[in-house]
Amino acid sequence: MTTTMKTELFCLHCNRECLHTITYLGTYLKEVRCQECGTHIEMDRKKILETYTAEVIDRILTKPHRLTEEVRKDLSNFIKSFPIRIITKPLRVAKELMEVIKEDKD
Ligand SMILES: [Zn+2]
């Protein structure tokens with residue numbers, strides 16, 4: 001079962017707080033997507049486990065009953081500290097999106 005939530009989070013690409021859509025697959029966080037630029041972080045638990053401790057993963061990736069201020073802050077810090085090597089795909093997507101926008105202007 002997929003559920004989505006919307007909240008303001010820090011975007012690495014926009015370099016400011018933007019509206020993000022958070023997608024949960026079952027009880028686990030699957031994707032965080034910026035509504036402004038389309039940059040998204042897909043959660044690969046294996047890659048995350050290489051970088052973060054189980055405690056951090058449990059706190060951040062397990063679906064909260066509601067998105068509390070504390071969870072929101074954790075997510076923002078999590079995104080800011082996210083290793084850039086994990087988000088190569090979103091940068092490509094953002095580039096493609098920029099090209100589409102550019103084409104529209106011509
Ligand atoms: Zn953005």
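Residues numbered from 1 in each chain as written. Predicted model: local features only at pLDDT ≥ 70, side-chain atom pairs only at ≥ 80, totals over all residues.

Colleague: What should I look at first to understand the overall build of the chain in this one?
Modeller: When helices and strands are tallied, the chain shows 4 helices and 4 strands. Counted from the first residue to the last, the chain has its helices and strands arranged as β-β-β-β-α-α-α-α. When burial is assessed residue by residue, the chain has 13% of its 106 residues classed as buried. For the chain, the share of sequence-separated contacts (at least 6 apart) that also reach a separation of at least 24 residues comes to 41%. (Helix = DSSP H or I, 4+ residues; strand = E, 2+ residues; numbered from the N terminus. Buried ≥ 20, exposed ≤ 12 C-beta atoms within 10 Å, placed from the backbone. Contact = placed C-beta atoms within 7 Å.)

Colleague: Teacher, can you tell me more about unusual backbone geometry here?
Modeller: Among all residues except glycine, the phi angle is most often negative; among peptide bonds, the trans geometry is most common. With a phi angle near 60°, Asn-15 is a residue other than glycine that sits in the positive phi range. With respect to the secondary-structure elements, Asn-15 resides in the loop between strand 1 (2-11) and strand 2 (16-25).

Colleague: Is there a simple way to explain the sheet that holds strand 2 in this structure?
Modeller: Within a sheet, neighbouring strands are paired by backbone hydrogen bonds and run either parallel or antiparallel to one another. In spatial order, the strands read 1-2-3-4; together these 4 strands make up an open sheet with antiparallel pairing. Single-partner strands in this sheet number two, and they are strand 1 and strand 4 (40-42). Averaged over all pairs of adjacent strands, the angle between strand axes in this sheet comes to 25°, irrespective of strand direction. With 6 bridges connecting them, strand 2 and strand 3 (residues 28-34) associate as antiparallel partners. (Pairing = 2+ DSSP bridges. Axes fitted to C-alpha atoms, helices over the stretch in contact; angles between N-to-C directions.)

Colleague: Hey, could you run me through the pairing of strand 3 in this one?
Modeller: On any regular strand, side chains alternate: one points to one face of the sheet, the next to the other face. Here 3 bridges tie strand 3 to strand 4, and the two strands are oriented antiparallel to one another. Looking at the pairing, Val-32 lines up with Ile-41 of strand 4. Taken together, strand 3 and the strand that follows it, strand 4, pair antiparallel across an intervening segment of 5 residues, in which Gly-38 is found at a positive phi of about 85°.

Colleague: What is the right way to read the nonpolar core from this model?
Modeller: As a rule of thumb, nonpolar side chains are buried together in soluble globular proteins. Counting 9 residues, the largest nonpolar core consists of Leu-9, Cys-11, Ile-22, Leu-29, Val-32, Cys-34, Ile-41, Val-71 and Leu-75. For this core, the secondary-structure elements that each account for two or more residues are strand 1, strand 3 and helix 3 (69-80). In terms of residues, this core owes the most to one element, strand 3, which gives 3 residues. (Core = buried A, V, L, I, M, F, W, Y, C linked by C-beta atoms within 7 Å.)

Colleague: Would you take a moment to explain the confidence of the model for the chain for this structure?
Modeller: Detailed reading of predicted coordinates is not advised where the pLDDT is low. On average, residues of the chain score 71 in pLDDT, and 49% of them are at 70 or above. In this model residues 84-88 is a low-confidence stretch, pLDDT under 50, and it forms 3 contacts with partners more than four residues away in sequence or in other chains. (pLDDT = per-residue confidence, 0-100.)

Colleague: Quick question: what am I supposed to make of the pairing of strand 1 here?
Modeller: Sheet topology places strand 1 next to strand 2; 10 bridges connect them, and they run antiparallel. Bridge pairing in strand 2 places Cys-11 opposite Arg-16. Hairpin connection of strand 1 to strand 2: 4 residues between the antiparallel strands, including Asn-15 at a positive phi of 60°.

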